[in-house]
Amino acid sequence: MISEIYDVIVVGAGHAGCEAAAAAANLGSKTLLITMNMQTIGQMSCNPAMGGIAKGQIVREIDAMGGYSGIVADKSAIQFKMLNLSKGPAMWSPRTQNDRMLFAEEWRLALENTPNLDFFQDMVKQLIVENNKVTGVITSLGIQIKGHSVVLTNGTFLNGLIHVGDKQLGGGRMGEPRAFGITEQLVSLGFEAGRMKTGTPPRVDGRSLDYSKMEEQKGDENPQKFSYLDTHKLTKQLSCHIVYTNETVHDILREGFDRSPMFNGTIQSLGPRYCPSIEDKINRFAERNRHQLFVEPEGWKTVEIYVNGFSSSLPEDIQIKAMKHIPGFENVKVFRPGYAIEYDYFPPTQLKHTLETKLIDNLYFAGQINGTTGYEEAAGQGLIAGINAHNKVKEKDEFILNRDEAYIGVLIDDLITKGTEEPYRMFTSRAEYRLLLRQDNADIRLTQKAYDLGLAKEDRLQRVQEKVAKSEELEAFLRETSLKPGIINPILENIESSPVDQAYRAAQILTRPNMTLEKLDEIDFINEFSSAYDEEVREQAEVNIKYRGYIEKEKENVAKLNRLENIKIPEDFDYTRISSLSAEAKQKMTNVRPKTIAQAGRISGVSPADINVLLVYLGR
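An account of the accompanying structure is given in this report.

Parameters and conventions
- Residues numbered from 1 in each chain as written.
- Predicted model: local features only at pLDDT ≥ 70, side-chain atom pairs only at ≥ 80, totals over all residues.
- Heavy atoms only, no water.
- Salt bridge = Lys/Arg side-chain N within 4 Å of Asp/Glu carboxyl O.
- Buried < 20%, exposed > 50% of the residue type's maximum accessible area, 1.4 Å probe, protein only.
- Pairing = 2+ DSSP bridges.
- Helix = DSSP H or I, 4+ residues; strand = E, 2+ residues; numbered from the N terminus.
- Axes fitted to C-alpha atoms, helices over the stretch in contact; angles between N-to-C directions.
- Phe/Tyr/Trp six-rings, centres within 6.5 Å; stacked < 30°, edge-to-face > 60°.
- Lys NZ or Arg CZ within 6 Å of the ring centre and 35° of its normal.
- Parallel < 35°, antiparallel > 145°, perpendicular 65-115°, else oblique.
- Left-handed = near helix turned anticlockwise from the far one by under 90°.
- Contact = heavy atoms within 4.5 Å.
- Nonpolar A, V, L, I, M, F, W, Y, C, P; charged D, E, K, R; others polar.

## A closer look at the pattern of salt bridges
No. 1: Scanning all chains against the criterion turns up 41 salt bridges.
No. 2: As a salt-bridge pair, R173 and E176 come within 2.8 Å of each other at their nearest N and O atoms.
No. 3: Owing to a relative accessible area of 12%, R173 belongs among the buried residues under this scheme.
No. 4: Salt bridges linked by common partners bring R403, D413, D414, K418, E432, E565 and R602 together as one network.

Written out as structure tokens, the structure is:
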């Protein structure tokens, strides 16, 4: 037995576990991170990239809260792209392509330099539970480690089963053993468990590919970064490439369908809807004669390539045979075939908003154990679980992000209110207040909260306050500066916008379609003033001016909804005694136990009529 008693024990060192351990330790809890393999801390199990649509916003939020994912992503980036720039700012999403080995190295270095954090390599096979409260863990070596709270971030390792054609291997990742014991114990304690599936594509030798037959995808000309701190921007970048499958590839893949665990009944659990395997794509979308693939480098110094879009659990001979008919892949050499993996998860309706379980005190779940998919979703949950595990042990208030405050808040509320029967992935469309939850203002939304918690340092807060002050200065200048027709009409003509016949404020002109602050800078006296501000400040001022009306409207909607958030429902409320409620509403609200009327209204199957009945019973 290890004699030391920890405040927080984190099980698993993937993205959720790393953020949970960092948050708890940085807040002052004596923290232990237990992993089955110290060499795979912060491992990118699937694609070598961070961010993307809605996911990039989550990485920015983690960074604003004092988490490490953005910093690690910046330090290991080999390419940066801002996605969706042709759409409005609510849709802009940062994404990095990363050096897989460097990413894991930077995570480990960051954690090893975190005070209050210890490490231990072993598999946790059992929790120590006394009087419905977790008090520690037992490892496969029989070592007992005591802790006041435990955060489970087991990823795909709980009873993980790998499929390659008709071959099956026990494992949490290819070449790594699965974890067992925890699922069985939790089920015996009254938890509901389920199975999910995910997959990964083949990794191939980049030296065997002919890139001249592919479409090059370069990074942004002026690459940005994730972290609001002084991480370096990229000065050189590696290109990705795009290529397409064809009918021949599809025909060869179909040859293996009878040996596919997806189609012969071996795999019955649901996989990620928005990242299907290649065999699933050609089966579901039979009318399409090609599918897009992204050829992604794994790092600065390696020849390994990730074939994004070609996830598969087909027999390895079929995978290789089919790939040889993809343009540029005629002589492909495969490092490892794609595979599917099934693993245990626990429907997240069994959690509180803090990610503490309802059944066992001081036990928290974060990441794929809750039915999510993606590094970013896992990391966001880990951050919140780590904060709340610390706060509970130190007898501080619980920390919850609301849906109007962060994508992380949307993610967790969706999970515990609606549950999920398939791997959950974040999209901008899931956030009803996405214009407020932009990637550019995550620091303004969250840094004060992080500072109040003790996670964000004072220099980070001062940086945000300075950004707000400067953007307000620039906004004020643009709202007060008058532009005469002779000055502004030549610029309007260039963007094919109607000329003006009287003076207009610069801010009014800026709200026109296709007009940008960069174009207004063609006017010398505007450029003289605005060029003194950095890119972040300029972007913030421009968005605030262009979308002011929409932003104010969204804030009004938030205020209306928050009135329902303030109407609390007693924890022991008996829904079964209200005869006017629908049977489905009674069942689902009894299961979820919503804290507020607003949360009750977000439960699938609960109608507006049910909410009105509840309001009457609560005296509203």
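Having seen the model, we can carry on.
## Some words on the sheet that holds strand 10 (residues 144-147)
No. 1: Strands sit in the order 1-10-9-8 across an open sheet of four strands; the sheet is mixed. Every interior strand has two partners, whereas the edge strands, strand 1 (2-6) and strand 8 (124-130), have only one. Each neighbouring strand pair of the sheet contributes to a mean axis angle of 25 degrees, computed without reference to strand direction.
No. 2: Where strand 1 lies against strand 10, two bridges are found, and the strand directions are parallel. Counterpart to Y6 in the pairing with strand 10 is G147.

## Regarding the packing of aromatic side chains
No. 1: Scanning all chains against the criterion turns up 10 aromatic pairs.
No. 2: Members of the aromatic cluster, each reached through a chain of ring pairs, are F191, F346 and F365.
No. 3: Between R288 and the ring centre of F285, over which it is positioned, the NZ or CZ distance is 4.7 Å.

## Quick notes on the sheet that holds strand 5 (residues 77-83)
No. 1: A sheet is described by the order of its strands in space; here three strands give the open sequence 4-6-5, paired in antiparallel fashion. Strands at the two margins of the open sheet, each flanked by one partner only, are strand 4 (49-51) and strand 5. Along the sheet, successive strands turn relative to each other by an average axial angle of 15 degrees, direction set aside.
No. 2: As defined by bridge partners, strand 4 adjoins strand 6 (residues 93-98) across three bridges and the pair is classed as antiparallel. Residue pairing in the sheet places M50 in a bridge with T96 of strand 6.

## Some details on the environment of N131
No. 1: Secondary-structure assignment places N131 in the loop between strand 8 and strand 9 (133-139).
No. 2: Through-space distance from the C-alpha of N131 to that of D610 is 36 Å; in sequence the pair is 479 residues apart.

## Focus on the environment of P485
No. 1: Here P485 shows up in helix 13 (residues 485-494).
No. 2: Considered as a pair, P485 and A503 are 18 residues apart in the sequence and their alpha carbons are 5.9 Å apart.

## Some words on the pairing of strand 17 (residues 240-244)
No. 1: Most of strand 17 is tucked away, with four of its five residues classed as buried.
No. 2: Examined bridge by bridge, strand 16 (residues 215-217) and strand 17 share three bridges and lie antiparallel to one another. Within strand 17, the position partnered with E216 by the bridge is H241.
No. 3: In the sheet, strand 17 pairs with strand 18 (residues 292-297) via four bridges, with the strands oriented antiparallel. By the bridge assignment for strand 18, I242 is matched with F294.

## Topic: the packing of helix 1 (residues 15-26) against helix 9 (residues 375-393)
No. 1: Contact pair helix 1 / helix 9: the axes reach a minimum separation of 7 Å and the direction vectors enclose 30 degrees. If you check the angle between helix 1 and helix 9, you find them roughly parallel. Relative to helix 9, the crossing made by helix 1 is right-handed. Each of H15, A16, E19, A20, A23 and A24 in helix 1 lies in contact with helix 9, whose residues at this interface are Y375, A378, A379, G382, L383, G386, I387 and H390.
No. 2: Taken together, the residues that form the contact of helix 1 with helix 9 break down as nine nonpolar, four polar and one charged.

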